[in-house]
Amino acid sequence: EPEVTQTPSHQVTQMGQEVILRCVPISNHLYFYWYRQILGQKVEFLVSFYNNEISEKSEIFDDQFSVERPDGSNFTLKIRSTKLEDSAMYFCASSADRNNEQFFGPGTRLTVL
Amino acid sequence: GIQVEQSPPDLILQEGANSTLRCNFSDSVNNLQWFHQNPWGQLINLFYIPSGTKQNGRLSATTVATERYSLLYISSSQTTDSGVYFCAVEWKSSASKIIFGSGTRLSIRP
């Protein structure tokens, strides 16, 4: 069964460093998403992406964040200068179309020291 | 504001018991999903259920869209059912993201 994959599973970085989180969505899906979950809290929407551009983004997704689909398979989230409060689990998701079921990857746990 | 509310927040049961988890939402939705977050943090898709009833083994779900609620039923609970159960909705007014509730933390005691 096709699934969303994410790498790395755990990333530790120093405050102020740039990180890139990688995702490979399900191959025939057209919509891609990033969510995050701070420890002990609920999952929060960050950004949705379709046809090589951002469809919608939340207030959390400020200028420090960017997304890219550099090739036909990868979907990346870049945090330019990490802060302590960026420590969270980051989930990538994909769906075949709008209003369709979203499938989540296993997440990348980001720890900012 | 637009909200997704889950109840109860915490539930502790003995193995073998049945449970009902509730999700109330405050606006019209395009879709609704139930997830199980396991102890390793992974979000497991349980149901995609914008309306109607579905069953998968010991789990079933019902969404009554006109009354803005969904129920997740777990029968004959097992210790592996422990974890957090999230309801997530996609609003008709903003159909490019899903909004999660705060979850129900289920603990099944052997």
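Residues numbered from 1 in each chain as written. Chains lettered and ligands numbered in written order. Predicted model: local features only at pLDDT ≥ 70, side-chain atom pairs only at ≥ 80, totals over all residues. Heavy atoms only, no water.

Colleague: Just to check I follow, could you spell out the overall build of chain A for this structure?
Modeller: Check the secondary structure of chain A and you find zero helices and 11 strands. Reading chain A from its N end, one meets helices and strands in the order β-β-β-β-β-β-β-β-β-β-β. In terms of overall dimensions, chain A is globule-like: its C-alpha atoms have a radius of gyration of 13 Å, near the 13 Å expected for 113 residues. Its C-alpha atoms put chain A at 35 × 30 × 25 Å along the principal axes. Within chain A, the fraction of its 113 residues that count as buried is 42%. Counted over contacts in chain A with a minimum sequence separation of 6, partners at least 24 positions apart contribute 54%. Distance from the positive charge centre (10 side chains) to the negative charge centre (15 side chains) of chain A: 4 Å. (Helix = DSSP H or I, 4+ residues; strand = E, 2+ residues; numbered from the N terminus. Rg over C-alpha atoms; globule rule 2.2 N^0.38 Å. Buried < 20%, exposed > 50% of the residue type's maximum accessible area, 1.4 Å probe, protein only. Contact = heavy atoms within 4.5 Å. Lys, Arg positive; Asp, Glu negative; His and termini not counted. Charge placed at Lys NZ, Arg CZ, Asp CG, Glu CD.)

Colleague: I'm lost on the interface of chain B and chain A in this one. Help?
Modeller: By a widely used convention, the size of an interface equals the accessible area lost when the partners come together. Listed per partner, the contact involves 21 residues of chain B and 19 residues of chain A. Between chain B and chain A lies a buried interface of about 1,800 Å² when both sides are counted; carbon and sulfur atoms form 49% of it. Its salt-bridge partner being B:Lys97, residue A:Glu56 comes within 3.0 Å of it at the nearest N-O pair. Remark: the boundary between chain B and chain A carries 10 residue pairs in polar contact (both at pLDDT 80 or more). Secondary structure elements with two or more residues in the side of chain B that touches chain A: strand 4 (29-37), strand 5 (43-48) and strand 9 (83-91) of chain B. If you tally residues by element for the side of chain B that touches chain A, the top one is strand 4 of chain B, at five residues. (Buried area = accessible area lost by both parts, 1.4 Å probe. Salt bridge = Lys/Arg side-chain N within 4 Å of Asp/Glu carboxyl O. Polar contact = N/O pair within 3.5 Å; in protein donor to acceptor, adjacent residues only side chain to side chain.)

Colleague: Any chance you could explain the side chain of B:Ser60 here in plain terms?
Modeller: Topologically, B:Ser60 is positioned in strand 7 (residues 59-64). With near-sequence residues (within four places) excluded, B:Ser60 lies in contact with B:Phe47, B:Lys54, B:Gln55, B:Leu71, B:Leu72 and B:Tyr73.

Colleague: Looking at this model, I keep getting lost on the packing of aromatic side chains. Mind explaining?
Modeller: Pairs of aromatic rings are described using the distance from one ring centre to the other and the angle between the two planes. If you walk through the whole model with that rule in mind, you get 14 aromatic pairs over all chains. Ring pairing ties together the aromatic residues A:Tyr33, A:Tyr35, A:Phe45, A:Phe91, A:Phe104, B:Phe35, B:Phe86 and B:Phe100, which thus form one cluster. Between the NZ or CZ atom of B:Arg22 and the centre of the ring of B:Tyr69, over which it lies, the distance is 4.3 Å. (Phe/Tyr/Trp six-rings, centres within 6.5 Å; stacked < 30°, edge-to-face > 60°. Lys NZ or Arg CZ within 6 Å of the ring centre and 35° of its normal.)

Colleague: Is there a simple way to explain the environment of A:Ala88 in this structure?
Modeller: You can see A:Ala88 is positioned in strand 9 (residues 88-95). In contact with A:Ala88, other than residues within four places in its own chain, are A:Arg36, A:Gln37, A:Ile38, A:Thr108, A:Arg109 and A:Leu110.

Colleague: I'm lost on the sheet that holds strand 3 (residues 19-24) of chain A in this one. Help?
Modeller: Pairing between the strands of a sheet is mediated by backbone hydrogen bonds and can be parallel or antiparallel. Residues and elements named next belong to chain A. Here we have four strands laid out as an open sheet, ordered 1-3-8-7, and antiparallel in their pairing. Each edge of the open sheet carries a strand with a single partner, namely strand 1 (5-7) and strand 7 (65-68). The average undirected angle you get between the axes of adjacent strands in this sheet is 20 degrees. As defined by bridge partners, strand 3 adjoins strand 8 (residues 75-79) across five bridges and the pair is classed as antiparallel. Bridging across to strand 8, Arg22 finds its partner in Thr76. (Pairing = 2+ DSSP bridges. Axes fitted to C-alpha atoms, helices over the stretch in contact; angles between N-to-C directions.)

Colleague: Please clarify how the state of the cysteines should be interpreted in this entry.
Modeller: Here, the word disulfide means a covalent bond between the sulfur atoms of two cysteines. Residue and element names in this part refer to chain B. Summed over all chains, the structure comprises two disulfides over all chains. In this model, Cys23 is linked to Cys87 through a disulfide, with the two sulfur atoms separated by 2.0 Å. Between Cys23 and Cys87, the S-S dihedral sits near -55 degrees, and the bridge is therefore left-handed. Taken together, the residues span a long stretch of sequence, with Cys23 in strand 3 (residues 19-25) and Cys87 in strand 9 at a distance of 64 residues. One exposure class covers both Cys23 and Cys87, and it is buried. (Disulfide = S-S within 2.5 Å.)

Colleague: Just checking my understanding: could you explain the environment of A:Leu84 for this structure?
Modeller: Residue and element names in this part refer to chain A. Relative to the helices and strands, Leu84 is located in the loop between strand 8 and strand 9. Exposure remark for Leu84: the relative accessible area of 47% places this residue in the partly exposed category. A C-alpha to C-alpha distance of 25 Å links Leu84 and Phe104, two positions 20 residues apart in sequence. Ignoring anything within four residues of it in the chain, the contact list for Leu84 reads Met15, Val112 and Leu113.

Colleague: When you look at the pairing of strand 3 of chain B in this model, what are you seeing that I'm missing?
Modeller: Moving residue by residue along a regular strand, the side chains alternate between the two faces of the sheet. Residues and elements named next belong to chain B. Alternating residues of strand 3 divide into Ser19, Leu21, Cys23 and Phe25, all buried, and Thr20, Arg22 and Asn24, none buried. One ladder, built from six bridges, connects strand 3 with strand 8 (residues 69-74); its direction is antiparallel. The residue of strand 8 that forms the bridge with Cys23 is Ser70.

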